[in-house]
Amino acid sequence: MSISFRLFLTVILHACNSEGAIAQKSPVRPNIIVMMSDDHAYQAISAYGHGLNSTPHIDRLAEKGMLFNRAFVTNSICGPSRAVFLTGKHSHVNGFKDNQSTFDGDQQTVVKLLRSGGYRTAIVGKWHLGSDPQGFDYWNILPGQGDYYNPRFIENGVPVAMKGYVTNITADLAMQWLDKREKDKPFFLVCNQKAPHRNWMPEPKYYHLFDSTDFPVPANYFDDYRSRTTAAKKQAMSIAGDLHPYYDLKLAFEIPLEERTGLSAAWQQIYNRMRPEEKAEWQKAYGPAAENFRNAALTGRELAIWKYNTYMRDYLRCVQSVDDNVGRIMAYLQEKGLDRNTIVIYTSDQGFYLGEHGWFDKRFMYEESFRTPLIVSWPGVTEKKMSTSSMVQNLDLAETILDMAGLPIPGDMQGKSMVPVLKGTQTGNLHDALYYHFYENKEHAVAKHIGVRTDRYKLIHFYELDDWELYDLEKDPSEMRNLTGLKEYSKIFDMMHQRLKEQVQQYKDSAGIALLAR
Ligand code: SGN
Ligand code: CA
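Residues numbered from 1 in each chain as written. Chains lettered and ligands numbered in written order. Predicted model: local features only at pLDDT ≥ 70, side-chain atom pairs only at ≥ 80, totals over all residues. Heavy atoms only, no water.

Scanning the protein chain for helices and strands turns up 17 helices and 16 strands. The C-alpha atoms of the protein chain give 23 Å as radius of gyration, which agrees with the globular expectation for 518 residues (24 Å, within 12%). Taken over the C-alpha atoms alone, the protein chain extends approximately 75 × 60 × 45 Å along its principal axes. By the burial criterion, 60% of the 518 residues in the protein chain qualify as buried. For the protein chain, the centre of its 60 positive side-chain charges and the centre of its 62 negative side-chain charges are spaced 3 Å apart. (Helix = DSSP H or I, 4+ residues; strand = E, 2+ residues; numbered from the N terminus. Rg over C-alpha atoms; globule rule 2.2 N^0.38 Å. Buried < 20%, exposed > 50% of the residue type's maximum accessible area, 1.4 Å probe, protein only. Lys, Arg positive; Asp, Glu negative; His and termini not counted. Charge placed at Lys NZ, Arg CZ, Asp CG, Glu CD.)

In structure tokens:
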């Protein structure tokens, strides 16, 4: 038998055995997987080129896909971002404005539309929307924020206790559903990792990763917020000032009973999810660092830098397991022959500060939390490494997914399909201005604000404080210099004020309209 004939036979046999062959018989409708991690900063994905860590599997998606350099959210916090993703509508329209809201699951979502359009649908992992998921054939979600170790899940309404590390379990659940799903239809799978959300508890195999790495602090780590309004000054998300010694910095393990309040109590609860042998492994790994820290008695800048490194190590350790599990799912798709007809979208519910302005957390409309990673691998469309600086928003995801599935896009969705950007037929901005509205002035004390971003400028209005901030992102990408009130920028201010007015009108945000009419 000639080599080429043998090759031909192998290809035919593979095609017949794989699930890809089933999908190929009917007019090809792509399967779609959305992987949305929690608080995954684009700075911590090596494809974005920040040099902090290595995420080979996510990078591999970017090699076969499109890397979005300017993807943003509309409201940088968990539940609201997820509600925008599901509905393709801003928070004031879908009703989920802050993490205390409850999602009205009776409303139209991309999931319900896909399901009625012939897709099998499932979600595993983080949900965080209060009400039960609707429109999914299968759901297995974390209650609330979920646990890192031996996590509880809720499977189609039934509580289940799991053993192991949440990031691995979430990917296991995704693959188990893929195995058992009815294979007569294309699928839409949402795989939402809890990691790398606070309090950054790594998988045991990564306890020592980065032990000997010192991360350079960002240039504006010691930002004193000069020239900014009071909003930036009064936040409570400073690495130096607001990280908790036990809960975040892991400086003690068993906390004395009388000290178990607030985040000390929260730490104890998290720690107690570990079994005795897991606690022993934890103590062995984290004990020496805590001991060294006590002996070193650091103060001032040295202490602030130590906290930064401690934070970064645990955060990036958590990211490593996320990346591993992206790899596991991609290997699964390949093994089952599904890779040729499955679109994979990797993103986060928002961006995150990795020390920029001295911060952890998100919420602000400043770039690091406003921007979010977005990588789309679409076989047959994004075959080679591509990147785009087109301005897009999480608001666009629902419409993009419906468009990819060949389904009609309802007129009441507020985004735009990114398909022309992915196909390369649209090279410029998908939106020439982006609207933002943050509503939750609670934990971390970030004042409520609205704002608009264009290619070059950003205007933010902290309306409870009646403060304005204007940035020239070309000259000042780190947003250190508020230009409001400067004579030479008064025309730009007026132009951006006008753009903001247009945005509140366009999206029918009546609260925003009222604020600007004052
Ligand atoms: C928790 C965290 C906050 C975090 C919010 C929202 N505090 O409340 O640091 O900003 O979640 O995160 S903790 O003490 O409970 O860890 S979100 O991603 O769910 O919006
Ligand atoms: Ca989040």
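More follows now that the structure is in view.
Right, let's get into the site of ligand 1. Lining the immediate environment of ligand 1, one finds 19 residues, of which Cys78, Tyr247, Asp361, Glu443 and His444 sit closest. At 2.8 Å, a side-chain N or O of glutamine 145 approaches an oxygen atom of ligand 1. Side-chain polar atom of aspartate 361 to an oxygen atom of ligand 1: 2.6 Å apart, as the coordinates give it. When its residues are assigned to classes, the shell around ligand 1 shows 4 nonpolar, 6 polar and 9 charged. (Near = heavy atom within 4 Å. Polar contact = N/O pair within 3.5 Å; in protein donor to acceptor, adjacent residues only side chain to side chain. Nonpolar A, V, L, I, M, F, W, Y, C, P; charged D, E, K, R; others polar.)

A separate point is the packing of helix 4 (residues 78-87) against helix 14 (residues 397-404). Taken N-terminus to C-terminus, the directions of helix 4 and helix 14 make an angle of 30°; their axes are 6 Å apart at the nearest point. Contact with helix 4, carried on its side by Phe85, Leu86 and Thr87, involves Leu397, Ala398 and Ile401 of helix 14 and no other residues of that element. Considering only residue class, the contact of helix 4 with helix 14 consists of 5 nonpolar, 1 polar and no charged. (Axes fitted to C-alpha atoms, helices over the stretch in contact; angles between N-to-C directions. Contact = heavy atoms within 4.5 Å.)

Turning to the nonpolar core, a few remarks are in order. The biggest cluster of nonpolar side chains holds 99 residues, and the ones touching the most others in it are Trp282, Tyr311 and Tyr315. Here this core takes 15 residues from helix 12 (residues 300-335), the largest share from any one element. When residues are assigned to domains, this core turns out to be shared by domain 1 (25-201 + 315-427) and domain 2 (438-517), each giving three or more. Apart from the residues within four sequence positions on either side, tyrosine 311 is in contact with Trp200, Ile239, Leu243, Phe352, Tyr353, Leu354, Gly355 and Phe360. (Core = buried A, V, L, I, M, F, W, Y, C linked by side-chain atoms within 4.5 Å. Domains from an automatic or database assignment.)

This paragraph deals with the sheet that holds strand 7 (residues 158-161). What the 10 strands build is an open sheet, ordered 7-6-5-4-8-1-9-10-2-11; its pairing is mixed. Strand pairing shows two members of the sheet lacking a second neighbour, strand 7 and strand 11 (386-388), which therefore form its edges. The average angle at which neighbouring strand axes cross in this sheet is 15°, direction not considered. With 3 bridges joining them, strand 2 (residues 66-68) and strand 10 (residues 374-377) adopt antiparallel strand pairing. If you follow phenylalanine 68 over to strand 10, its bridge partner there is leucine 374. (Pairing = 2+ DSSP bridges.)

So, about the pattern of salt bridges. Enumeration according to the criterion identifies 35 salt bridges in this entry. Its salt-bridge partner being aspartate 214, residue arginine 313 comes within 3.1 Å of it at the nearest N-O pair. You can see arginine 313 sitting in helix 12 and its partner aspartate 214 sitting in the loop between strand 8 (187-192) and helix 8 (230-234), a full 99 residues away along the chain. Here aspartate 361 makes a salt bridge to arginine 363, at a shortest N to O gap of 2.7 Å. One salt-bridge network, in which partners are shared between bridges, spans Asp39, Asp361, Lys362, Arg363 and Glu440. (Salt bridge = Lys/Arg side-chain N within 4 Å of Asp/Glu carboxyl O.)

Another point: the pairing of strand 10. Residue alternation in strand 10 divides its side chains into two sets, Leu374 and Val376 and Ile375 and Ser377, and both sets are buried. Note that strand 9 (residues 342-348) and strand 10 share 4 bridges and pair antiparallel. In the strand pairing of strand 10, tyrosine 346 is matched with isoleucine 375.

With that settled, consider the packing of helix 16 (residues 490-506) against helix 17 (residues 510-517). Running from N to C, helix 16 and helix 17 cross one another at 145°; their axes reach a closest spacing of 8 Å. The crossing of helix 16 and helix 17 is left-handed. The segment helix 16 lies against helix 17, with His497, Leu500, Lys501, Val504 and Gln505 engaging Gly512, Ile513 and Leu516. When grouped by side-chain class, the residues that make up the contact of helix 16 with helix 17 number 4 nonpolar, 3 polar and 1 charged. (Left-handed = near helix turned anticlockwise from the far one by under 90°.)

Geometric descriptors of this kind do not, in isolation, establish any biological role.
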